[in-house]
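The residues making up each chain are set out below.
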Amino acid sequence: MKRGINRVAVLGAGVMGAAIAAHLANVGIPCYLLDIVPREPTPEERARGLTLESREVRDRLVVQGIQNCLKARPAAFFRPDRAELVTPGNLEDNLDWLAGVDWVIEAVVERLDIKQELFRKVAAHRQPGTIVSSNTSGISVNRMVEGLPLEFRQHFLGTHFFNPPRYLKLLEIIATADTLPELVSFMSAFAEQTLGKGVVLAKDTPNFIANRIGVFGMMQTMRVMEEKDYQVDEIDAVTGPAMGRPKSASFRTADIVGLDTFLHVAKNVRENVAPAERPFFEPAGFLKALAERGWTGEKAGQGFYKKVQGPEGSEILTLDWRTLEYRPRLKPSYPSLSATRRISDPAERVKALVQADDRGGELAWELTKRTLSYTASLLPEIADDVISVDNAMKWGFGQEAGPFETWDVLGVEATVARMEAEGAPVAAWVKEMLATGHPTFYGRVNGRKAHYCFRAREYVPLPRRPEFIVLRDVRSERPVIRGNTDASLLDLGDGVAGLEFHSPNQAITPDLIRMMGESLEEVDRNFTGLVIGNQARHFCVGANLLLVVMEAANQNWAGIGAAVEALQETLQAVKHFHRPVVAAPHGMALGGGAEIVMAAHRVVASAELYSGLVEFAVGILPAGGGCKELLLRHLEGVPPDTPVPLDLLPLVARAFQTIAMAKVSTSAREAQALGFLRESDRVVANGDLLLYQAKNEVLAMAAAGFRPSPPRKIRVIGETGLAALEAQTYNMLKGGHISEHDKYIADRIAYVLAGGRVAANTEVTEQYLLDLEREAFLDLCRQEKSQERMRHMLSTGKPLRN
């Protein structure tokens, strides 16, 4: 068996194959992407003198697949230059490349005969020990390799990625009867650590775990819509965030996936499950009618929704499934939906919804009841434990809680009684669980989280994995060192402390700033170093804008100035602290959140990091050291004899554009390109490993004799460079690209980055630049137009251009 995976071949450059290749490139693995040769050149290719023998024609499908990934939104690549790691080829000319790869991934059309034929060709070219897998969404992996040599079958398995592979965490791994156990272990570890996946071991059953349950749920949603006379908009209003699911809910998701794809997957389930189950997967008449008309969703321009141009711009119309005509969207006004918006806990939200006595509650209960009944009936056929099912549904479909986790919150005993009273079947093992004194699917054994094992008929502790640090468990196992309402200092073990933000949206508040300072004092006395991180949805969304607006309304300029100064002093203390401080950002790290990250000595970032200095959008500028730090990063490595301002101006201009355009990275790799992270900062694909890796970074830095960088002087471009930057904003204003107030804000940013009205080549201190930041921030807070922008953002969630 291969000991490492250094190069991969992906066979099939459709939506999934190309996106899998893109994600491999994201994590730095070069890959070949191969597909069939087109039948003939296009008219455009013929006009250019190309023939079917031309390489450009023969690789056209693959090149198109790569281009589609580059254009995809959300982005398939971390950065566009990652596409250079994907080498295009075709299945006729380049199968010999397979001899030089460590892993071959098949992602061609979902037809057993085509896959079997392709694997026979792969067998003729691969080297012994090369891993081969299929990305099938539900075809039997055992049947795919029937008749192939034993050594091939031993190194073959299913690796079912979910679309889009970059963003959906789930990877279902399916072993065949002959797959080597050590291969399953190796691929599971590789997928978790390198690809950032959450691995679920599935059985070779129709459509495995997530799609089996997900397709059933979608089919039942359509059936309930018909039976209870709901409309598409009503269904999506209930089956989105109100039920702990993504905003795309049911029918918007179906449009994104493609109704033809959904029908194909459902057909595969229907043809391979027991006869008693087949009616569950029979498509509704209106769904078949949509497919026959070619209204297959987003790729066709219409499905359950259709985007049209109206008198006031674009408008989304909704399908009336009875008439197959489109109409304006409706907004259901169920009291239950209004109530759930005030409940932050996803499971409690579902509980309140299914217990509500209106049409929204009735719909939520009916769908929940059917899904829980069916899901429980599938064990142990599709999985050996409830954890696998819950993880598959959370990671594959973006649900906030799995079915068994949800069932626990609803109350298993009460829910079972209600289900049985309404004639819904309940799996025998669930009733046995209750009868033997186990009231929930999850419990605790000796203080550790456990799950009910239906084979052992008892709770079994979840395995401990030291590389998965869970802050909730840390708090329960060790006392909180220090804490207040907005942040806590925890003991991560091995002499490393962890500072966790838990203010609303992890926003920066006075209490959070105080806790940062107190954390440094505690680490100075008792710890080797500090990790700044949390496990909320986002790392930190920046300052509490409402506090700024309130203080500005009261004209408390001294209070605002003191708050900004406190943040500046705290982040400077972090930057020059004599013990290692590692930030572990994930999700959003915006405004002050980005400034906290930049103040740390080292960053271990989640690959999915959306970082930026976004203050311009609300009429202000970064004042916690963001302007100063981004300027320093753009000037790093510049020789001391570099002419000022001419040669430094392009570097300062880049920092200026990044701040004035409120650029936000779409990945940690792009954050490096923008300067929010350094190239030396580490990027971790699996967010579950983030705190563990950050802790190890602290220990490694301490062991290497860490010393902070001393404060430095900065040569600035001064008045001459400032004039050049102001000329840019003037031209933008005259060209109609920005407003007068946009120019005012941009000029204040330029003033800070240029070092104020001093001579070019003047050396200034970091504190000098911080003072300029604070003064400019206060000036902008005094401007009525900036206050309007802040109020508009708070009330609408959208920026105002005034």
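Further up the page is the structure itself.
Scope of this entry: the structure provided in the associated data block.

Quick notes on the rules
- Residues numbered from 1 in each chain as written.
- Predicted model: local features only at pLDDT ≥ 70, side-chain atom pairs only at ≥ 80, totals over all residues.
- Heavy atoms only, no water.
- Helix = DSSP H or I, 4+ residues; strand = E, 2+ residues; numbered from the N terminus.
- Rg over C-alpha atoms; globule rule 2.2 N^0.38 Å.
- Buried < 20%, exposed > 50% of the residue type's maximum accessible area, 1.4 Å probe, protein only.
- Contact = heavy atoms within 4.5 Å.
- Areas by Shrake-Rupley, 256 points an atom, 1.4 Å probe, with all protein chains shown as cover.
- Lys, Arg positive; Asp, Glu negative; His and termini not counted.
- Charge placed at Lys NZ, Arg CZ, Asp CG, Glu CD.
- Salt bridge = Lys/Arg side-chain N within 4 Å of Asp/Glu carboxyl O.
- Pairing = 2+ DSSP bridges.
- Axes fitted to C-alpha atoms, helices over the stretch in contact; angles between N-to-C directions.
- Right-handed = clockwise from strand over helix to strand, strands pointing away.
- Disulfide = S-S within 2.5 Å.
- Core = buried A, V, L, I, M, F, W, Y, C linked by side-chain atoms within 4.5 Å.
- Expected span 1.5 Å × (residues − 1).
- Arc of directions from axis to C-beta.
- Phe/Tyr/Trp six-rings, centres within 6.5 Å; stacked < 30°, edge-to-face > 60°.
- Lys NZ or Arg CZ within 6 Å of the ring centre and 35° of its normal.
- Patch = residues over 30% accessible without salt bridge, like charges linked within 9 Å, V, L, I, M, F, W, Y side chains within 5 Å.

## Remarks on the overall build of the protein chain
Logical step 1: Scanning the protein chain from N- to C-terminus turns up 33 helices and 25 strands.
Logical step 2: Rg of the C-alpha trace for the protein chain: 29 Å, near the compact-globule value of 28 Å for 802 residues, within the 12% margin.
Logical step 3: Principal-axis analysis of the C-alpha atoms places the extent of the protein chain at approximately 80 × 70 × 65 Å.
Logical step 4: Burial analysis of the protein chain (802 residues in total) assigns 56% to the buried set.
Logical step 5: In the protein chain, once contacts between residues fewer than 6 apart in sequence are set aside, the share between residues at least 24 apart is 69%.
Logical step 6: In the form shown here, the protein chain has an accessible surface area of approximately 33,800 Å², with 52% of it arising from carbon and sulfur atoms.
Logical step 7: Of the charged side chains in the protein chain, 92 are positive and 99 negative; the average position of the first set lies 1 Å away from that of the second.

## A look at the pattern of salt bridges
Logical step 1: Applying the stated rule across the entire model yields 62 salt bridges.
Logical step 2: The partner of K115 in a salt bridge is E106, with the nearest N and O atoms 2.5 Å apart. Here the two residues K115 and E106 agree in accessibility, since each one is buried.
Logical step 3: For R166, the salt bridge identified is with E608, shortest N-O distance 2.7 Å. A residue pair is termed long-range when its members are at least 10 positions apart, and R166 in the loop between β6 (156–161) and β7 (170–175) and E608 in the loop between β21 (602–606) and β22 (609–612) qualify at 442 residues.
Logical step 4: Connected through shared salt-bridge partners, E227, E366, K369, R370, R418 and E422 make up one network.

## Let's talk about the sheet that holds strand β11 (residues 325–328)
Logical step 1: The strand order across the open sheet formed by three strands is β9-β10-β11, and the pairing between neighbours is antiparallel. The strands lining the two open edges of the sheet, one partner per strand, are β9 (305–310) and β11. Taken over all neighbouring pairs, the strand axes of this sheet differ in orientation by 45 degrees on average, direction set aside.
Logical step 2: The pairing of β9 with strand β10 (residues 313–320) spans six bridges and is classified as antiparallel. When the sheet's bridge partners are listed, K306 is paired in β10 with L317.

## Considering the pairing of strand β17 (residues 496–501)
On any regular strand, side chains alternate: one points to one face of the sheet, the next to the other face.
Logical step 1: Along β17, six of the six residues are buried, which leaves the element largely enclosed by surrounding structure.
Logical step 2: In this structure, the hairpin formed by strand β16 (residues 487–493) and β17 is closed by a connection of two residues, where D494 is found at a positive phi of approximately 60 degrees.
Logical step 3: By the bridge criterion, four bridges tie β17 to strand β18 (residues 529–532) in an arrangement that is parallel. Along β18, the bridge assignment pairs L499 with I532.
Logical step 4: Taken together, β17, helix α22 (residues 510–526) and β18 form a β-α-β motif whose crossover is right-handed.

## Regarding the state of the cysteines
Logical step 1: Under the definition given, this model contains zero disulfides.
Logical step 2: With no disulfide of its own, C781 has C627 as its nearest cysteine by sulfur position, at a separation of 13 Å.

## Section: the nonpolar core
Logical step 1: Judged by nonpolar contacts, the single largest core of 108 residues is most densely connected at F304, F404, W407, W429, V430 and F441.
Logical step 2: Broken down by element, the residue count for this core peaks at nine residues, all from helix α9 (residues 210–228).
Logical step 3: With sequence-adjacent residues up to four places away left out, F404 is seen in contact with T375, A376, L379, V386, V389, D390, W429, F441 and Y442.

## Here's the deal with unusual backbone geometry
Note on backbone geometry: most residues besides glycine have negative phi, and most peptide bonds are trans.
Logical step 1: Looking along the chain, the bond that leaves R73 and enters P74 is cis, with omega of 5 degrees.
Logical step 2: Following the sequence through the fold, P74 ends up in the loop between α4 (60–71) and β3 (86–90).
Logical step 3: A cis amide bond, omega 0 degrees, links N163 with the succeeding residue P164.
Logical step 4: Within the secondary structure, P164 sits in the loop between β6 and β7.
Logical step 5: Of note in this structure, R457 is not a glycine but carries a positive phi near 60 degrees.

## Brief notes about the pairing of strand β2 (residues 31–35)
Logical step 1: For β2, a buried count of five out of five residues is recorded, marking the element as mostly surrounded by other parts of the structure.
Logical step 2: Burial along β2 is two-sided: the residues C31, L33 and D35 and Y32 and L34 are all buried.
Logical step 3: Sheet topology note: the strand β1 (residues 8–11)/β2 ladder contains four bridges and is parallel. Across the sheet, V10 pairs through a bridge with L33, a residue of β2.
Logical step 4: After leaving β1, the chain enters helix α1 (residues 15–26) and then returns to the sheet as β2, a path that is right-handed.

## Let's talk about the sheet that holds strand β4 (residues 103–106)
Logical step 1: Spatially, the eight strands line up as an open sheet ordered β3-β2-β1-β4-β5-β6-β7-β8, and their pairing is mixed. Single-partner strands in this sheet number two, and they are β3 and β8 (198–202). Adjacent strand axes in the sheet meet at a mean angle of 25 degrees when their direction is disregarded.
Logical step 2: Bridge count between β2 and β3: five bridges; the pairing is parallel. Bridging from a neighbouring strand, L33 pairs with P88 of β3.

## Here we look at helix α29 (residues 690–703)
Logical step 1: Taking 1.5 Å of rise per residue, 14 residues should cover 20 Å, and α29 covers 20 Å from first to last C-alpha, within 8% of that figure.
Logical step 2: When α29 is considered as a whole, its buried residues turn out to be L690, L691, A694, K695, E697, V698 and M701. With its buried residues spanning 155 degrees around the axis, α29 presents them on a single face.
Logical step 3: Where α29 ends, the next residue or the one after it, G705, has phi of about 80 degrees, a positive value.

## Brief notes about the side chain of H741
Logical step 1: Position of H741 among the secondary structure elements: in helix α31 (residues 740–754).
Logical step 2: Those residues in contact with H741, other than ones at most four positions away along the chain, are Q783, K785, S786, R789 and N802.

## Structural notes on the packing of aromatic side chains
Logical step 1: Taken as a whole and assessed by the stated rule, the structure comprises 25 aromatic pairs.
Logical step 2: Taking 4.5 Å as the distance between ring centres and 55 degrees as the angle between the ring planes, the aromatic pair formed by F251 and F304 counts as tilted. Of this pair, F251 sits in helix α11 (residues 251–257) while F304 sits in the loop between α13 (285–293) and β9, and the two are 53 residues apart along the sequence.
Logical step 3: Judged by relative accessible area, which is 0%, F251 ranks as buried.
Logical step 4: The exposure class of F304 is buried, given its relative accessible area of 0%.
Logical step 5: Arranged with centres 5.6 Å apart and planes meeting at 45 degrees, the rings of F286 and W321 form a pair that is tilted. With F286 in helix α13 and W321 in the loop between β10 and β11, this residue pair connects regions lying 35 residues apart in the sequence.
Logical step 6: Over the face of the ring belonging to Y230 we find R359, whose NZ or CZ atom lies 3.9 Å from the ring centre.
Logical step 7: Lying across the ring of F468, R465 places its NZ or CZ 4.3 Å from the centre.

## Focus on helix α26 (residues 626–635)
Logical step 1: Counting buried residues along α26, 10 of its 10 residues qualify, which places the element largely inside the surrounding structure.
Logical step 2: Buried within α26 are the following residues: G626, C627, K628, E629, L630, L631, L632, R633, H634 and L635.

## Some points on a nonpolar patch on the surface
Logical step 1: Together, L546, L547, M550 and L794 line one region of the surface with nonpolar side chains, adding up to about 340 Å² of accessible area.
Logical step 2: When you line up the elements, M550 lands in helix α23 (residues 545–553).
Logical step 3: The exposure class assigned to M550 is partly exposed, which follows from its relative accessible area of 43%.

## Re the side chain of T368
Logical step 1: Its place among the elements puts T368 in helix α16 (residues 359–377).
Logical step 2: Residue classification places T368 among the buried positions, given a relative accessible area of 6%.
Logical step 3: When neighbours within four sequence positions are excluded, T368 is seen to be in contact with M243, V354 and L410.

## Concerning the environment of H23
Logical step 1: Residue placement: H23 occurs in helix α1.
Logical step 2: On the basis of relative accessible area, H23 is assigned to the buried category, the value being 5%.
Logical step 3: Placed 53 residues apart in sequence, H23 and A76 show a C-alpha to C-alpha distance of 7.0 Å.
Logical step 4: Discounting chain neighbours no more than four positions away, the residues touching H23 are F78, P165, R166, L195 and K197.

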